[in-house]
Amino acid sequence: EVVDPEDLIKMRPLGHGSSGKVYLVQHKATEKLYALKVIQVKHEPSVSKQILTEVDILRRANSPYVVRCYGSGDKGGQISFVLEYMDRGSLANVLEKHKALGEPYLAEVARQVLNGLHYLHINKIVHRDIKPSNLLLNHKQEVKIADFGVSTILASTMAPCTSFVGTCAYMSPERFDPDSHGGIYSGYAADIWSLGLTLLECATGHCPFLSQGEKADWPKLMVAICYSDPPSAPADSSPEFKDFISKCLQKDPALRPRACSLLSHPFITKDNGSSVDLSVLLQSMSL
Ligand code: ATP
Ligand code: MG
């Protein structure tokens, strides 16, 4: 299934981020709904080629836990992506409505996201921007990872000083270390850190490194992430959740478990069988 952005009609805006805008669109012939993400970039033809290569990687990813990309266009300094439409919005939207999520919901969200990360990692893709607004939901109670690869594309097309769009609040300590430069291992481990932080935000209602309502301040965040003890689960959490979070949020990336081993962590497996119903969370989320 390949969809040309030219064959779509814009219905309405779905949201916008630091890099561009997202629209609900409908295919003229099939009447199917998609999300169209439009990113404004100033780039040269050589960079443009590189972008199209990366878009290829994006298009090849085919997992039920990853938002599908059906096509792309590059026109007049605008890159657009035709994406699977996720009709219940992002985990960030869910958090705005529900403030904090109970552990059974967290475990089900974590299970699906870990499956997505496992898929990306075995295909040698590091996401690098796992956070609530990049985890999308639909009425089928599916949670999918969005925007993978897009952060890489953006980093390669923007001036160095602005190469990181959005926030660094979910970045792991080693990513601030100019000498560590990842190594293959810590790249994957950085996604595990970001997942831990995202789940903790869902449990408490606010980002662990930001006090409520505080705006992200780069230097301050960096100092907090690198020099304070890693955040931990609230005192009244279950032992399983506490352990899961402490395993994800270890400062040494080599100690963080891989996505596949976290899938068999007791926090994920304990509610198995009494499969968790996310519909309560999604009811009021009309998009
Ligand atoms: P940032 O740019 O800082 O990463 P962001 O992730 O919120 O923030 P976008 O990726 O541009 O920015 O997405 C903006 C919003 O559009 C999301 O929060 C989400 O609500 C909506 N959105 C994005 N992709 C889809 C999609 N495939 N289906 C439905 N809604 C989407
Ligand atoms: Mg996003």
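Just above, that's the structure.
Residues numbered from 1 in each chain as written. Chains lettered and ligands numbered in written order. Predicted model: local features only at pLDDT ≥ 70, side-chain atom pairs only at ≥ 80, totals over all residues. Heavy atoms only, no water.

## Notes on the side chain of T198
Now for step 1: Here T198 shows up in helix 5 (residues 183–204).
Now for step 2: Within polar-contact distance, the side chain of T198 engages the backbone oxygen of S194 at 2.8 Å.
Now for step 3: Contact partners of T198, with chain neighbours within four places excluded, come to L91, I130, K131, P132, L135 and Y170. (Helix = DSSP H or I, 4+ residues; strand = E, 2+ residues; numbered from the N terminus. Polar contact = N/O pair within 3.5 Å; in protein donor to acceptor, adjacent residues only side chain to side chain. Contact = heavy atoms within 4.5 Å.)

## Remarks on the coordination of the magnesium ion (ligand 2)
Now for step 1: Surrounding the magnesium ion (ligand 2) are the protein donor atoms N134 (OD1) and D147 (OD), at 1.9 to 2.0 Å. Of the two residues, N134 is situated in the loop between helix 3 (103–122) and strand 6 (135–137) and D147 in the loop between strand 7 (143–145) and helix 4 (150–157); the sequence distance between them amounts to 13 residues.
Now for step 2: Taking the relative accessible area as the measure of exposure, D147 reaches 18% and is therefore buried. (Donors = N, O, S within 2.8 Å, 3.2 Å for Na, K, Ca; no water. Buried < 20%, exposed > 50% of the residue type's maximum accessible area, 1.4 Å probe, protein only.)

## Side note on the side chain of K144
Now for step 1: Here K144 lies in strand 7.
Now for step 2: Polar contacts involving the side chain of K144 include one to the main-chain carbonyl oxygen of P64, which spans 3.3 Å.
Now for step 3: The contacts of K144, once residues within four sequence positions are left out, are P64, Y65, V66, V67, E84, M86, N134, L135, L136 and N138.

## Quick notes on the site of ligand 1
Now for step 1: As a matter of local geometry, ligand 1 sits amid 21 residues, with S18, K37, E84, K131 and D147 nearest to it.
Now for step 2: One of the side-chain nitrogen or oxygen atoms of K37 is found 2.6 Å away from an oxygen atom of ligand 1.
Now for step 3: Side-chain polar atom of S133 to an oxygen atom of ligand 1: 2.9 Å apart, as the coordinates give it.
Now for step 4: Here ligand 1, which alone exposes 610 Å², has 90% of that area covered by the protein.
Now for step 5: Put simply, the parts of the chain that give the shell around ligand 1 at least two residues each are strand 1 (8–16), strand 2 (20–27), strand 3 (33–40) and strand 5 (78–84).
Now for step 6: Here the shell around ligand 1 is composed, by residue class, of seven nonpolar, 10 polar and four charged. (Near = heavy atom within 4 Å. Areas by Shrake-Rupley, 256 points an atom, 1.4 Å probe, with all protein chains shown as cover. Nonpolar A, V, L, I, M, F, W, Y, C, P; charged D, E, K, R; others polar.)

## Quick notes on the pairing of strand 4 (residues 69–75)
Now for step 1: Here strand 4 pairs with strand 5 via six bridges, running antiparallel. Pairing of K75 across the sheet is with Q78, part of strand 5.
Now for step 2: Taken together, strand 4 and the strand that follows it, strand 5, pair antiparallel across an intervening segment of two residues, in which G76 is found at a positive phi of about 50 degrees. (Pairing = 2+ DSSP bridges.)

By themselves these figures say nothing about function.
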